[in-house]
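# An overview of the molecular structure
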Amino acid sequence: MSQELLLESLATISACKTSQSLEDIRVALLGKKGKITEELKKLGGASPEERKTLGATLNQLKQEITDALEVKKIALTDSELNARLATEKLDVTLPAHVEQQGKIHPITQVAEEITAIFADLGFSTEVGPDIEDDEHNFTALNIPESHPARQMHDTFYLHGKGDNKTVLRTHTSPVQIRTMRAGKPPFRFIAAGSTYRCDSDLTHTPMFHQVEGLAIDKNINMGHLRGCISEFLRVFFELDNVPVRFRPSFFPFTEPSAEIDIGCARSKDSLKIGAGNDWLEIGGCGMVHPNVLKNCGINPDEWQGFAFGMGIERLAMLKYGIPDLRTFFESDVRWLSHYGFDPLHIPSLVGGL
Ligand code: DAH
């Protein structure tokens, strides 16, 4: 009986074609209710003598079947794998999947370009908080209580009273105060970042970006300021000759103060930098007011310097021909894929220093 069972089992195993049916065979023979298992169960009812010989035979049988199953399993797995490899072909000539690629926002791009140019001119970078207190945003910058910039119209007030009142910074100039108070002159740095004003129309968004610059040293004069700004604009706009005009103006934190205009040609729907008879304002600048230096513990008789602040959106619009300010902040991916920059794009800055 057991010899027959062995032969029959080995024949079935050997004829088996797939590892799935081999598993079925294993269950049918050695599983809980399998044929061999059933035979082994019967041993319980046999006499001790019988149990001894039959037991040994059945165990031997079970071992042989187990071995045969194991050998067959390896063979089947191998041949199944080979069959799969033979059918699964990789066509390396097929075009690759188009991967969705992110874009760098023009504001980020332009801020990096500005940082790179000023780095070449010896300026480091500083940062300050978007939530400022009244003291840093206004008082220390020599902006008196009655200045129009303090009115609710312009400023997003948060909480607190007096100098502790917190605001969303209305400009990047408070970084001047923070950096000068934290260190010792000389200073030469720029600070780019978000700024906020309660203003929203065609040419104003409640959040926008500025880059601040400050250079404090001995014997700094307005000629240095002019040269620095002109050189920056020349490299930034990649033009040999950008007409720059300093228009007398007023800022409480600089004396004298000027507004920076660049020469351009304007027609109905285009703007060309560096040609024509029009001027376009891109920021303010001046010689740092002695009161600002004093407010930072710096002796104005010993140290002087210049400061400037420019709108990053304005610079980006002019350089990259982006006509509408508000589109910068609409989070429209079609806009971003059109005006954005490839992550690995390196600014050409052909007019380099
Ligand atoms: N903070 C000024 C503004 O937001 C811009 C500015 C003008 C910054 C003159 C300066 C400066 O550093 O010297 O309108």
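The structure presented is a predicted model; accordingly, all values stated were derived computationally and were not measured.

## Things to note about the overall build of the protein
Along its length, the protein carries 11 helices and 10 strands. With the C-alpha coordinates of the protein rotated into their principal frame, the extents come out at 120 × 50 × 40 Å. Counting every position in the protein, which comprises 353 residues, the buried fraction comes to 41%. Taken as a whole, the protein presents about 20100 Å² of accessible surface, with 55% of it coming from carbon and sulfur.

## Digging into the domain arrangement of the protein
How big an interface is tends to be stated in terms of accessible area lost as the parts join. Under the domain assignment, the protein is made up of domain 1 (2-87) and domain 2 (106-339). Measuring from the centre of the C-alpha atoms in domain 1 to the corresponding centre in domain 2 gives 84 Å.

## Looking at the pattern of salt bridges
Enumeration according to the criterion identifies 18 salt bridges in this entry. Close ionic contact of glutamate 39 with lysine 42 constitutes a salt bridge, the shortest N to O distance being 3.1 Å. Remark: lysine 42 and glutamate 39 occur in helix α3 (residues 35-42); sequence separation between them is three residues, near one turn of the helix. What you see here is one network of salt bridges that share partners, running through Arg245, Arg247, Glu259 and Asp261.

## A closer look at the side chain of histidine 147
Mapping histidine 147 onto the fold places it in the loop between α6 (134-137) and β3 (166-168). Histidine 147 sits in the buried class, given a relative accessible area of 19%. Those residues within four positions of histidine 147 in sequence are excluded, and the remaining contacts are Phe250 and Pro252.

## Describing the site of the ligand
As a matter of local geometry, the ligand sits amid 15 residues, with His171, Ser173, Arg197, Gln210 and Glu212 nearest to it. A distance of 2.9 Å separates an oxygen atom of the ligand from a polar side-chain atom of glutamine 210. Between the ligand and the protein, one listed contact pairs an oxygen atom with a backbone N or O atom of alanine 307 at 3.1 Å. Bound to the protein, the ligand loses 89% of the 360 Å² it would expose on its own. Looking at the shell around the ligand, the elements that each hand over two or more residues are β5 (207-217), β9 (278-288) and β10 (304-311). Residue composition of the shell around the ligand, by class: five nonpolar, eight polar and two charged.

Parameters and conventions
Residues numbered from 1 in each chain as written. Predicted model: local features only at pLDDT ≥ 70, side-chain atom pairs only at ≥ 80, totals over all residues. Heavy atoms only, no water. Helix = DSSP H or I, 4+ residues; strand = E, 2+ residues; numbered from the N terminus. Buried < 20%, exposed > 50% of the residue type's maximum accessible area, 1.4 Å probe, protein only. Areas by Shrake-Rupley, 256 points an atom, 1.4 Å probe, with all protein chains shown as cover. Domains from an automatic or database assignment. Salt bridge = Lys/Arg side-chain N within 4 Å of Asp/Glu carboxyl O. Contact = heavy atoms within 4.5 Å. Near = heavy atom within 4 Å. Polar contact = N/O pair within 3.5 Å; in protein donor to acceptor, adjacent residues only side chain to side chain. Nonpolar A, V, L, I, M, F, W, Y, C, P; charged D, E, K, R; others polar.

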